[in-house]
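Listed below, chain by chain, are the residues.
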Amino acid sequence: MSESDTYLYRREGDYIPRVAAVHDLCGYGKCSLGVAIPVLSAAGCDVCPVPTGLFSSHTAFPGWYMHDTTEMLADYTAAWQKIGVEIDAVYSGFLGAPEQVDRIRDLYDQYPNALRVVDPVMADHGKIYPTYTPELCEAMAELACGADILTPNLTEAAIILGEEWQGTDISDDEAKRMIDALAAKGAKHVVLKGIQREGETCIRNFVGGVDCETVEVRNEYLPYMLHGTGDLYASCLLAAIMAGRSLAEAVAFAGDFVHDAMIVSAKQPDFEDRGVSFEPLLGKVCKLL
């Protein structure tokens, strides 16, 4: 992939870009808006949250509480238009109901020149998240096909394509096929995450799309799972893009940042429950500027 032809946002002078972050807000267990707001702010962005749901904690904890915000979202985003809010990117993640896809499309209509970034947060390791219905998965898949940047893991890519999940041990050719298939459905640039082959000590992400060849970016595989790493990855990717970096640079930055944050996280008490700890590393995001 050529560095010269994959710049998706041009930073202009002292202008601070605005990002509509369409995610849930989670009280405990760092993910979603709790990740997107600090990371994008550190990259010099004005983050404008659109909360798709309010959670007491991430859903791996027992007894979590969710408040669905679907009914307020149409008025919420319409009010922006009345006061002349301008948006440079619409970045969506976890959704609470199929109707929320319509609200994201409203934002696309309000801001036709905004970069469309879809992290199709709905499943991982072959399992769909407990709040996701078949209707919501279908709506998310439709939204994904209109993305300028789409960042699925292998489970989410399979759902969007209507295929069976094959596990994480897939070949380079299969990763390229899936990216090409997602691009054929309408996604312009695809970052396919989480290829981890048996016996290897690295994790692979592949990036490709309609105007660039598919390339691989590797990071060291760390043998533990943390909640929020997908949100952190997509937020770092967009942070680098909005700082004026190329797609290839952004993919490399996001992978390195998540790797380093996982190492920081492992030093914290109860780290496998509390979520990914990235706060000491935010200076690296600031340096993108």
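Because the structure is a prediction, the values reported are computed rather than measured.

Calculation notes
Residues numbered from 1 in each chain as written. Predicted model: local features only at pLDDT ≥ 70, side-chain atom pairs only at ≥ 80, totals over all residues. Heavy atoms only, no water. Helix = DSSP H or I, 4+ residues; strand = E, 2+ residues; numbered from the N terminus. Rg over C-alpha atoms; globule rule 2.2 N^0.38 Å. Buried < 20%, exposed > 50% of the residue type's maximum accessible area, 1.4 Å probe, protein only. Contact = heavy atoms within 4.5 Å. Areas by Shrake-Rupley, 256 points an atom, 1.4 Å probe, with all protein chains shown as cover. Lys, Arg positive; Asp, Glu negative; His and termini not counted. Charge placed at Lys NZ, Arg CZ, Asp CG, Glu CD. Expected span 1.5 Å × (residues − 1). Polar contact = N/O pair within 3.5 Å; in protein donor to acceptor, adjacent residues only side chain to side chain. Axes fitted to C-alpha atoms, helices over the stretch in contact; angles between N-to-C directions. Parallel < 35°, antiparallel > 145°, perpendicular 65-115°, else oblique. Nonpolar A, V, L, I, M, F, W, Y, C, P; charged D, E, K, R; others polar. Core = buried A, V, L, I, M, F, W, Y, C linked by side-chain atoms within 4.5 Å.

Chemist: Would you mind going over the overall build of the protein chain with me for this structure?
Modeler: A tally of regular secondary structure across the protein chain gives ten helices and eleven strands. Taken against the 2.2 N^0.38 rule, which gives 19 Å for 289 residues, the C-alpha radius of gyration of the protein chain at 18 Å falls within 12% of a compact globule. When the backbone C-alpha atoms are referred to their principal axes, the protein chain occupies close to 55 × 50 × 40 Å. For the protein chain, with 289 residues in total, the buried portion stands at 55%. Taking as baseline every contact in the protein chain between residues at least 6 positions apart, the subset at least 24 positions apart corresponds to 70%. Just so you have it, the protein chain exposes about 12,400 Å², and 52% of that area is on carbon and sulfur atoms. Charge separation in the protein chain, taken as the distance between the mean sites of 22 positive and 43 negative side-chain charges, equals 4 Å.

Chemist: How should helix 6 (residues 172–184) be read in this particular structure?
Modeler: Counting along an α-helix, one turn takes 3.6 residues, and residues three or four places apart therefore face a common direction. Its 13 residues give helix 6 an end-to-end C-alpha distance of 18 Å, which sits within 8% of 18 Å, the value for a rise of 1.5 Å per residue. When helix 6 is considered as a whole, its buried residues turn out to be E174, A175, M178, I179, L182 and A183. On its buried face, helix 6 is in contact with strand 8 (149–150), helix 5 (154–161), strand 9 (189–195), strand 10 (202–209) and strand 11 (212–220). Trailing helix 6 by a residue or two, G186 shows a phi angle of about 130 degrees, which is positive.

Chemist: Explain the side chain of T229 here, please?
Modeler: One can find T229 in helix 7 (residues 229–242). From its side chain, T229 meets the backbone oxygen of L226 in a polar contact 3.3 Å long. Not counting chain neighbours up to four residues away, the residues in contact with T229 comprise V258, M262 and V276.

Chemist: Help me out: how do you make sense of the packing of helix 2 (residues 70–82) against helix 3 (residues 99–110) in this one?
Modeler: If you want to describe how two helices pack, look at the angle between their axes and the distance between the axes. One can describe the packing of helix 2 onto helix 3 by two numbers: an axis separation of 9 Å at closest approach and a directional angle of 5 degrees. One finds that helix 2 runs roughly parallel with respect to helix 3. Residues T70, L73, A74, T77, A78, W80 and Q81 of helix 2 lie in contact with helix 3, whose contacting residues are E99, Q100, R103, L107 and Q110. Counted by class, the contact of helix 2 with helix 3 contains five nonpolar, five polar and two charged residues.

Chemist: Would you mind going over the environment of P38 with me for this structure?
Modeler: Within the secondary structure, P38 sits in helix 1 (residues 33–42). Residues P38 and E279, 241 residues apart in the sequence, show an inter-C-alpha distance of 8.5 Å. Apart from residues lying up to four places away in sequence, P38 is in contact with L33, F278 and L282.

Chemist: Please explain the nonpolar core as it appears in this structure.
Modeler: The tendency in soluble globular proteins is for nonpolar side chains to be buried as a group. The biggest cluster of nonpolar side chains holds 51 residues, and the ones touching the most others in it are L232 and V285. Each residue touching L232, except ones within four places of it in the same chain, is listed here: V35, V39, F257, V258, A261, V276 and F278. Residues A114, V118, A187 and V190 belong to the second largest nonpolar core, which totals 48 residues.

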